[in-house]
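Close look at the chain arrangement
Residue strings, one per chain:
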Amino acid sequence: MSARNPGTELDLSWISKVQVNQPAVLRRAEQIQARRTVKKEWQAAWLLKAVTFIDLTTLSGDDTYSNVKRLCYKAKYPIREDLLKALNMHDKGITTAAVCVYPARVSDAVKALKASGCDIPVASVATGFPSGQTHLKTRLEEIKLAVEDGATEIDVVINRTLVLTGQWEGSDFIKTSTGKETVNATFPVAIVMLRAIRDFFWKTGNKIGFKPAGGIRTAKDSLAWLSLVKEELGDEWLKPELFRIGASALLLDIERQIYHHVTGRYAAYRDLPMS
Amino acid sequence: MAATRAESRAREIFTTLEYGPVPESHACVLAWLDTQDRCLGHYVDGKWLKPEHRDSLPCQDPVTGEHLASCLQAQPEDVAAAAEAARTALESWSGLPGASRAQHLTRLAKMIQKHQRLLWTLESLVTGRAVREVRDRDIPLALQLLQYHAIQAHSQEEALAGWEPMGVVGLILPPTFSLLEMMWRICPALAVGCTVVVLVPPASPTPLLLAQLAGELGPFPGILNVLSGPTSLVPVLAGQPGVQKVAFCGSVEGGLRLLVQESVWEETMRRLQARMERLRGGRGLDGAVDMGTRGAAARDLAQHYVREAQSQGAQVFQAGDVPSDSPFFPPTLVSDLPPAAPGTQAEVPWPVVVASPFRTAKEALAMANGTPRGGSASVWSERLGQALELGYGLQVGTVWVNAHGLRDPAVPTGGCRESGSSRHGGLDGLYEYLRPSGTPARLPYRSENLNYETFGLAVPSTLPAGPETGPSPAPPYGLFVAGRFQAPGARSSRPIQDSQGKLHGYVAEGGAKDVRGAVEAAHQAAPGWVGQSPGARAALLWALAAALERREPTLALRLERHGVEPKAAKAEVKLSVRRLRDWGARAQAQNHSLQVAELRGPVLRLREPLGVLGVVCPDERPLLAFMSLLAPTLALGNTVVLVPSRTCPIPALDVCQDMATLLPAGVVNVVTGDQDHLARCLALHQDVQALWYFGSAQGSQFSEWASAGNLKPVWVSRGCPRAWEQEAAGAGPELELRAARTKALWLPMGD
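Residues numbered from 1 in each chain as written. Chains lettered and ligands numbered in written order. Predicted model: local features only at pLDDT ≥ 70, side-chain atom pairs only at ≥ 80, totals over all residues. Heavy atoms only, no water.

An unreviewed UniProt entry lists chain B under the name Aldehyde dehydrogenase family 16 member A1, with Phyllostomus discolor given as the organism. Under the UniProt heading Sequence similarities (unreviewed entry), the note attached to chain B is "Belongs to the aldehyde dehydrogenase family." Listed under Subunit (unreviewed entry) in UniProt, the entry text for chain B is "Interacts with SPG21." (UniProt positions renumbered as here; feature names shortened; annotations may be inferred.)

Labelled according to an unreviewed UniProt entry, chain A appears under the name deoxyribose-phosphate aldolase, originating from Phyllostomus discolor. Regarding chain A, the UniProt comment filed under Sequence similarities (unreviewed entry) reads as follows: "Belongs to the DeoC/FbaB aldolase family. DeoC type 2 subfamily." Of the comments in the UniProt record for chain A, the one headed Pathway (unreviewed entry) reads "Carbohydrate degradation; 2-deoxy-D-ribose 1-phosphate degradation; D-glyceraldehyde 3-phosphate and acetaldehyde from 2-deoxy-alpha-D-ribose 1-phosphate: step 2/2."

Rendered as structure tokens:
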């Protein structure tokens, strides 16, 4: 995590001045995907970089210690060792940025990560995830408990009732959505959020992080997200302190693409370890 | 495993996270050029034409300098061969039912679809433009154009009844954007039944490939012929028998002028610069560049412009990830260019943007309209009312609100002033290649003896010509300018004879200064007249019609003195009255909206007045022709300077007495005098927006030549009389088309 957002005086005129030109945003979203392809070794390097931004996530009702443990192991060894060696990247310490679980599974994740001897942070969704429609008191308690269990990052669901009625909250990171909605991370929405981050930075000098989540499943998608952030905010945002991708299936597809890059063959799923 | 050489690279990229090249292979282009033994000729009548003993020019990759092929340069006899092929093909092609032409165009679209990679690679390779632009924009648009025009051809017999194809069309193309610019023009031409001869600049092979694709479709090989050659061949092409029209387009998509409101100037500049820093330039065939190159000449032009601007004290900002060597040039933002500096009026070259601040929307409009060009513009504002105000006020062919550069086959695009008056796309684009059925074909005849320097320069002096034999009532005397009769600057008069050769009366001898005064009066009246609602204009035209009706006995007598049968004279007055009423009624309902693909929201097709029109009336039908020409120009919101019939101007002057009381001063101005001299004054006037000349062949030729000075649209009769009493010739849609211009206003929606 980056330095905390120290916050500023609430100036609602900033918000009332915001104008979004939807057709223009849609066109820009289309352009970025078409114009910023990367190929060959650039693609391999970018994909490995994307791995380091992933919040490797499991948010299922039937999560147990065993699948959380497997997830943590995958977080530590996201890409098969021989593939990394072939790329001469095995000594770069490539892991995912964090693992992300429900509050009740935080202790499992902390335990599993400690056992495998790594310091990947554990993120927890909290505060009545995914709706946020619980009392402030229980939501605060939830955060407190997750932190006590060892979570170092909390994905807070903001109170959208307050937002829709014009009462705002501040944060260090903003996330496109919970990943549990019917529409999650889309490019046009992301452009608007990234521009807001840029405006805030220009006004205050504080850098806010960005996390798209939900629906990012393919290696190609992840590359587009990287170039979107690079284009809109610049290279300084391309680090785990300021950029995360919330995803679960994405990692496997990236690994398959790396496999193809190294071997020239398309991998069968059984060729790669599951998470 | 292909994993030894590059892997150290991956480590480095992992840290820098830089973009890499995404090269597209141009092997397909080389293979195609090999089929021609790397020597491109011309494509005429479905065959490659490679005459011997021709100069050839190399076609090179503008970035690497790689020699791709040599291109033969056409000679006049090659142009003649292409025109001959087009003429022959015209007989069968124009005779086909529209539905069959539609089928053929659809087949061409499929053919292009099958070979699109070759097309986009070739276009990007030889022009240096970003392949992404060609692949993702030009090719899909080319296909849409064919499909749209196939549909238009399919319903041509019903939708365009009363019109026929012009014939063989000559087309002159610029070096860049040749593929798309060609499609915008050949699609409507072919759809309505014309055949085409295209002259492309040296070393532009894409049109040749397109012609080959079309030629290989079979039965109509000669409909599209492409020659490569120098611009010195343009007059040769224009002079070929059967060539009815020559369309040309200059370089397109140059640099931009940006006007930014002072209150958001700093913020806008900051955002603009931030965005420019992220632009990537490089070889066109790299799939991840935003901008390619337009060649070394364009680069030199940009560099020269920027240096000039700098020397005049302008601020220059350059950014972006662009190779520093020729032919590349970085995106450049020029600001603080002093308003009076020479560069402010000059055309901005690509890829330069010149930004200037403005205070109010009104000021922005004045600045935007204060250039000789009028192609397209975009307005960016979240205030809808203000955006529309600007959109309507901008004197350009296309306005995008909160968008830029959108195009669709159904939306007419074009321009005004020096950007040219022709339209492409939509119904407007089709009319460019049609003429009213029965119009005499344009003859390639040009008088070599016509001296442009002296034509109409001197006015023959006039002397008293005997007694006036009782004209009753006495005709008004003077030039009708700014709503009243005024004495001519020359203070001399010309006699008007009746059909017996007796003196009917004297009219004022107008001259250059009188035309100048009339044009000025017309300009002063223009804003008020445009501002009237169509309904108000219609009411005034109807009031004028009623006044004309009351004057019928006098007007009929005047015509009778000029040898018109009493019955015919009455009929002419009656028909003149009807013209005014009909055009009054048509003043309504000129605008409509279009729905296009890939845009949520309407595109408004606005019919706007041209401005101040100069009209030189024919000798024949002195009252009816005058009214038939005046009524549509007024109905569509123009103000006008008319030169009435040379032989019988008095009825027009009679009507001026009514216009003096009914119409706002200056809306109509009537200048009598020597037709050639007044035509000369109007044609050479830079602030007359269009000229209609109905007179001699020589006068027509002169008007066309002189009007080129500000590229004003001209309509000339070439000495052919017109059947003014007939509906098609006297009140047909041709007049409506010529009396206004089309503007497309794009209005994207979004929440």
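With that settled, consider the overall build of chain A. Helix and strand counts for chain A come out as 11 helices and seven strands. Here the C-alpha atoms of chain A give a radius of gyration of 19 Å, agreeing with the 19 Å that 2.2 N^0.38 yields for 275 residues. In terms of principal-axis extent, the alpha carbons of chain A reach across some 55 × 45 × 30 Å. Contacts spanning at least 24 positions in sequence make up 73% of the contacts within chain A whose residues lie at least 6 apart. As displayed, chain A has an accessible area near 13200 Å², and 54% of this comes from carbon and sulfur atoms. Of the side-chain charges in chain A, 38 are positive and 31 negative, and the distance between the mean point of each set is 4 Å. (Helix = DSSP H or I, 4+ residues; strand = E, 2+ residues; numbered from the N terminus. Rg over C-alpha atoms; globule rule 2.2 N^0.38 Å. Contact = heavy atoms within 4.5 Å. Areas by Shrake-Rupley, 256 points an atom, 1.4 Å probe, with all protein chains shown as cover. Lys, Arg positive; Asp, Glu negative; His and termini not counted. Charge placed at Lys NZ, Arg CZ, Asp CG, Glu CD.)

Our focus in this paragraph is the overall build of chain B. Scanning chain B for helices and strands turns up 26 helices and 31 strands. In summary, chain B has a C-alpha radius of gyration of 29 Å against a globular reference of 27 Å for 751 residues, a match within 12%. Reported as C-alpha extents along the three principal axes, the dimensions of chain B are approximately 110 × 60 × 50 Å. Taken across its 751 residues, chain B has 55% of its residues classed as buried. Carbon together with sulfur atoms contributes 55% to the accessible area of chain B, which is approximately 30300 Å² in total. (Buried < 20%, exposed > 50% of the residue type's maximum accessible area, 1.4 Å probe, protein only.)

Before going further, it helps to examine the sheet that holds strand E4 (residues 153–156) of chain A. Residues and elements named next belong to chain A. The five strands are arranged E4-E3-E2-E1-E7 in an open sheet whose pairing can be described as parallel. The open sheet has two free edges, formed respectively by E4 and strand E7 (245–247), since each of these has just one partner strand. With strand direction ignored, the average angle separating the axes of adjacent strands in the sheet is 30°. By the bridge criterion, four bridges tie strand E3 (residues 122–126) to E4 in an arrangement that is parallel. Each bridged residue has a counterpart across the sheet, and for Ala123 the counterpart in E4 is Glu153. Docked against the sheet, helix H4 (residues 65–76) engages strand E1 (54–57) and strand E2 (98–101), running at close to 160° with respect to E2. (Pairing = 2+ DSSP bridges. Axes fitted to C-alpha atoms, helices over the stretch in contact; angles between N-to-C directions.)

Okay, the pattern of salt bridges next. Residues and elements named next belong to chain B. Under the definition given, this model contains 61 salt bridges over all chains. The salt bridge involving Glu12 is made with Arg9; its shortest N-O contact spans 4.0 Å. Residue Glu12 and its partner Arg9 are located together in helix H1 (residues 7–16), separated by three residues, close to a single helical turn. Take Glu12: its relative accessible area is 42%, and that puts it in the partly exposed class. With its nearest N and O atoms 4.0 Å apart, the salt bridge here joins Asp45 to Lys47. The class of Asp45 is partly exposed, set by a relative accessible area of 30%. (Salt bridge = Lys/Arg side-chain N within 4 Å of Asp/Glu carboxyl O.)

Next up on the list: the interface of chain B and chain A. Chain B puts 42 residues into the contact, and the matching count from chain A is 43 residues. Of the roughly 3800 Å² buried at the junction of chain B and chain A (both faces included), carbon and sulfur atoms supply 54%. For the chain B face of the interface with chain A, the top three residues by lost area are Phe14(B), Leu17(B) and Tyr19(B), together amounting to 22%. Linking chain B with chain A are four salt bridges. A salt bridge links Arg11(B) to Asp91(A); the nearest nitrogen and oxygen atoms lie 2.8 Å apart. Counting only elements with at least two residues in the side of chain B that touches chain A, the list comes to H1, helix H6 (131–154) and helix H11 (265–277) of chain B. (Buried area = accessible area lost by both parts, 1.4 Å probe.)

In this section: the pairing of strand E13 (residues 332–335) of chain B. Residues and elements named next belong to chain B. Burial of the side chains of E13 extends over both faces: Thr332 and Val334 are buried on one face and Leu333 and Ser335 on the other. Alignment of strand E12 (residues 315–318) against E13, held across four bridges, turns out to be antiparallel. Residue pairing across strands places Phe317 opposite Leu333, the latter belonging to E13. Judged from the four bridges that link them, E13 and strand E14 (residues 352–358) form a sheet pairing that is parallel. Counted as the bridge partner of Val334 is Val354 from E14.

A cluster of nonpolar residues, Leu10(A), Leu12(A), Ile15(A) and Trp168(A), forms a patch on the protein surface that exposes about 410 Å² of accessible area. By relative accessible area, which is 63% here, Leu10(A) ends up exposed. (Patch = residues over 30% accessible without salt bridge, like charges linked within 9 Å, V, L, I, M, F, W, Y side chains within 5 Å.)

Annotation of chain B at the domain level lists domain 1 (28–248), domain 2 (252–359) and domain 3 (479–746). The gap between the C-alpha centroids of domain 1 of chain B and domain 3 of chain B is 40 Å. (Domains from an automatic or database assignment.)

The relative placement of two aromatic rings is captured by the distance of their centres and the angle of their planes. Applying the stated criterion across every chain yields a total of 21 aromatic pairs over all chains. With centroids separated by 4.9 Å and ring planes inclined at 50°, the aromatic side chains of Tyr73(A) and Tyr77(A) adopt a geometry described as tilted. Since its relative accessible area comes to 51%, Tyr73(A) is described here as exposed. Three or more aromatic residues joined by ring pairs make a cluster, and in this case those are Phe53(A), Phe187(A), Phe210(A), Trp225(A) and Phe243(A). Positioned above the aromatic ring of Trp14(A) is the side chain of Lys203(A), whose terminal nitrogen or guanidinium carbon lies 4.7 Å from the ring centre. Between the NZ or CZ atom of Arg722(B) and the centre of the ring of Trp724(B), over which it lies, the distance is 5.5 Å. (Phe/Tyr/Trp six-rings, centres within 6.5 Å; stacked < 30°, edge-to-face > 60°. Lys NZ or Arg CZ within 6 Å of the ring centre and 35° of its normal.)

On to the side chain of Thr398(B). All names here are of chain B. The residue Thr398 is located in strand E16 (residues 398–401) in this model. Classification of Thr398 as buried rests on a relative accessible area of 2%. Those residues in contact with Thr398, other than ones at most four positions away along the chain, are Gly375, Ser376, Ala377, Pro412, Thr413, Gly414, Ala744 and Trp746.

Residues and elements named next belong to chain A. What UniProt calls "active site" (unreviewed entry) maps, in this numbering, to Lys175 and Lys211. In terms of the greatest pairwise C-alpha distance, the residues named above, spread along 37 residues, form a tight cluster of at most 4.5 Å across. By the element assignment, Lys175 lies in strand E5 (residues 173–175). The exposure class assigned to Lys175 is partly exposed, which follows from its relative accessible area of 23%. Sequence-distant contacts of Lys175, defined by excluding residues within four places in its chain, comprise Val125, Asp155, Met193, Lys211 and Ala213. Here the side chain of Lys175 touches Asp155 through a polar contact of 2.8 Å, side chain to side chain. Relative to the helices and strands, Lys211 resides in strand E6 (residues 209–211). Not counting chain neighbours up to four residues away, the residues in contact with Lys211 comprise Asp55, Cys100, Asp155, Phe173, Ile174, Lys175, Thr176, Arg244 and Gly246. Here Asp55 takes part through its side chain, which lies 2.8 Å from a polar atom of the side chain of Lys211. (Polar contact = N/O pair within 3.5 Å; in protein donor to acceptor, adjacent residues only side chain to side chain.)

With that out of the way, let us pick up the packing of helix H2 (residues 27–35) of chain B against helix H5 (residues 116–127) of chain B. Residues and elements named next belong to chain B. Running from N to C, H2 and H5 cross one another at 95°; their axes reach a closest spacing of 8 Å. In terms of orientation, H2 and H5 fall into the roughly perpendicular class. Of the residues in H5, those in contact with Cys28, Val29 and Trp32 of H2 are Arg117, Leu118, Thr121, Leu122 and Leu125. (Parallel < 35°, antiparallel > 145°, perpendicular 65-115°, else oblique.)

Below, the discussion takes up unusual backbone geometry. Along the chain, Phe129(A) connects to Pro130(A) via a cis peptide bond; the corresponding omega equals 0°. Secondary-structure assignment places Pro130(A) in the loop between E3 and helix H7 (136–148). A cis amide bond, omega 5°, links Ser326(B) with the succeeding residue Pro327(B). If you trace the backbone, Pro327(B) turns up in the loop between E12 and E13. The backbone of Asp37(B) sits at a positive phi, close to 55°, despite the residue not being glycine. You can see Asp37(B) is positioned in the loop between H2 and strand E1 (39–40). On the basis of relative accessibility, which here comes to 66%, the residue Asp37(B) falls in the exposed class. Even without a glycine there, the phi angle at Asp45(B) is positive, about 55°.

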